[in-house]
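Working through the structure, step by step
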Amino acid sequence: MNEVVNNQILLSSRPVGIPTRDNFTFIKSSIPHVNDNQLLIRTLYLSVDPYMRGRMNDQKSYIPPFPLNEVITGGVIGEVIETKSPDFQVGDIVLGFLGWQNYSVIDAGQVQKIDTNVAPITTALGVLGMPGMTAYFGLLDIGQPKEGETVVVSGAAGAVGMLVGQIAKIKGAHVLGIAGSDEKIRYLIEELGFDTAINYKTTSNIQLALEKACPNGVDVYFDNVGGPISDAVLSLINQGARIPLCGQISLYNLEKQDVGPRIQVQLLRKTATMRGFLVSQYTDRYDEGMTQIAQWIKEGKIKYSENIVEGLERAPEAFLGLFTGENTGKQLVKVTDC
Ligand SMILES: NC(=O)c1ccc[n+]([C@@H]2O[C@H](COP(=O)([O-])OP(=O)(O)OC[C@H]3O[C@@H](n4cnc5c(N)ncnc54)[C@H](OP(=O)(O)O)[C@@H]3O)[C@@H](O)[C@H]2O)c1
């Protein structure tokens, strides 16, 4: 295979503020030799995710920073095209944490097979993958919505948010979504069955809009975005509210630390629980989440959407689009046809 070109995307400088294409470099290399118990994988789809922005900074976190001038890594679906492992065959479709490149050589133990009979393979990076598990466990384990309660979710038209709202509906809650375009608002209400939704980009007073939309206060706030949107929602929480702290995307590109209202008094008075979580805390329960979500999809109770751009070279653009709201549902990059 050495004559085949492997296009690769490296992080070549650390972004300050909003990343740009200049932070990425495109190179061509050859494909490494496949050793015993290794696989050669052709990339089919790769995932771009908001958490990758944190990995672009040189800072201590729950996951190490991307090293400079190395291939960016993330969730990838690929096809095995050469195998030196007895556990895999050529043609197997696998999921792994691989590079933004056409081909990867990886130890067989580092990837898992995808059952192509269950659902389209792209769902392994979306509704039946990491974002799906984030919504399922974050909402049900921490949010614990009950019949008749009010659940608010920000980032509502994204990969995680659209599932949170639909699962909350299944549990009998009144659901309000916050998202950034009229088309997303229409989609949430008309297609996904949210009770109501607010376009935070065109609503002049989000606080007032929320007060009107949540006359009974907020029992569960699934926080994907942080910042002023979350400040407004948190001012409306009820006694005993639960707040799964999932993401803070509005802060990821800030150059200076943000200072907001001090919310401890509000949490105290309302005996509320705010809990940060990482989906990786739930890996040993993924089977439960995947089985339940697959069942809900089969029953027509959950719909999902994917935004797919084509071409490895468009991965940086797809990633940057997460911060301007280009995606409805899971953002993926299609690298090669199956
Ligand atoms: N805790 C965990 O384990 C875990 C796992 C997965 C994801 N997350 C977090 O969950 C959140 C959602 O992730 P996702 O994968 O589902 O991404 P996503 O929602 O599919 O994509 C990001 C969306 O965020 C919205 N957004 C971007 N900048 C914003 C801003 N300044 N203010 C408000 N909204 C903004 C955009 O939609 P609009 O058009 O609505 O602006 C965009 O489409 C992220 O914060 C992510 O870091 C956490």
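Attention here is on the structure that accompanies the text. Bear in mind that the values here come from a model prediction, so they are computed numbers and not experimental data.

On to the pairing of strand β10 (residues 196-199). Pairing of strand β9 (residues 174-179) with β10 involves four bridges; the strand directions are parallel. Bridge pairing in β10 places Gly177 opposite Ala197. Each parallel crossover has a hand, and for β9 linked through helix α4 (residues 182-191) to β10 it is right-handed.

With that settled, consider the site of the ligand. Among the 27 residues in the neighbourhood of the ligand, the closest are listed as Lys184, Tyr200, Tyr252, Val279 and Asn327. In this structure, a nitrogen atom belonging to the ligand sits 3.0 Å away from a main-chain N or O atom of Cys246. At 2.7 Å, a side-chain N or O of Tyr252 approaches an oxygen atom of the ligand. Notes on the ligand: free accessible area 920 Å², of which the protein chains cover 91%. Residues that form the shell around the ligand fall into these classes: 16 nonpolar, ten polar and one charged.

We now examine the pattern of salt bridges. Under the defined criterion, the tally for this structure stands at 13 salt bridges. Here Arg275 and Asp141 are joined by a salt bridge, their closest N and O atoms 3.8 Å apart. On the criterion of sequence distance, the pair formed by Arg275 in strand β13 (residues 273-276) and Asp141 in helix α2 (residues 130-143) is long-range, its members being 134 residues apart. Given the relative accessible area of 25%, Asp141 is considered partly exposed. Here Glu317 makes a salt bridge to Arg314, at a shortest N to O gap of 2.7 Å. Assessed through its relative accessible area of 37%, Glu317 is described here as partly exposed. Of the residues examined, Arg314 reaches a relative accessible area of 31% and is grouped as partly exposed. If you follow the salt bridges from partner to partner, you end up with Asp141, Arg275, Arg285 and Glu288 in one network.

Within the secondary structure, Asp92 is located in the loop between β4 (73-83) and β5 (93-99). Overall, the relative accessible area of 16% leaves Asp92 in the buried class. At 2.8 Å, the side chain of Asp92 and the backbone nitrogen of Gln89 are in polar contact. If near-sequence neighbours (up to four positions away) are discounted, Asp92 is found in contact with Gly78, Glu79, Val80, Asp87 and Lys113.

Here the focus is the packing of aromatic side chains. Applying the stated rule across the entire model yields six aromatic pairs. On the numbers, 4.9 Å between centres and 85° between planes, the contact of Tyr136 with Phe137 is edge-to-face. Considering the side-chain rings of Phe222 and Phe277, the 6.2 Å spacing of their centres and the 70° angle between planes classify their relative orientation as edge-to-face. On the criterion of sequence distance, the pair formed by Phe222 in strand β11 (residues 218-222) and Phe277 in the loop between β13 and α8 (286-298) is long-range, its members being 55 residues apart. This pair shows no difference in class: Phe222 is buried, exactly as Phe277 is.

What counts, and at which threshold
- Residues numbered from 1 in each chain as written.
- Predicted model: local features only at pLDDT ≥ 70, side-chain atom pairs only at ≥ 80, totals over all residues.
- Heavy atoms only, no water.
- Pairing = 2+ DSSP bridges.
- Helix = DSSP H or I, 4+ residues; strand = E, 2+ residues; numbered from the N terminus.
- Right-handed = clockwise from strand over helix to strand, strands pointing away.
- Near = heavy atom within 4 Å.
- Polar contact = N/O pair within 3.5 Å; in protein donor to acceptor, adjacent residues only side chain to side chain.
- Areas by Shrake-Rupley, 256 points an atom, 1.4 Å probe, with all protein chains shown as cover.
- Nonpolar A, V, L, I, M, F, W, Y, C, P; charged D, E, K, R; others polar.
- Salt bridge = Lys/Arg side-chain N within 4 Å of Asp/Glu carboxyl O.
- Buried < 20%, exposed > 50% of the residue type's maximum accessible area, 1.4 Å probe, protein only.
- Contact = heavy atoms within 4.5 Å.
- Phe/Tyr/Trp six-rings, centres within 6.5 Å; stacked < 30°, edge-to-face > 60°.

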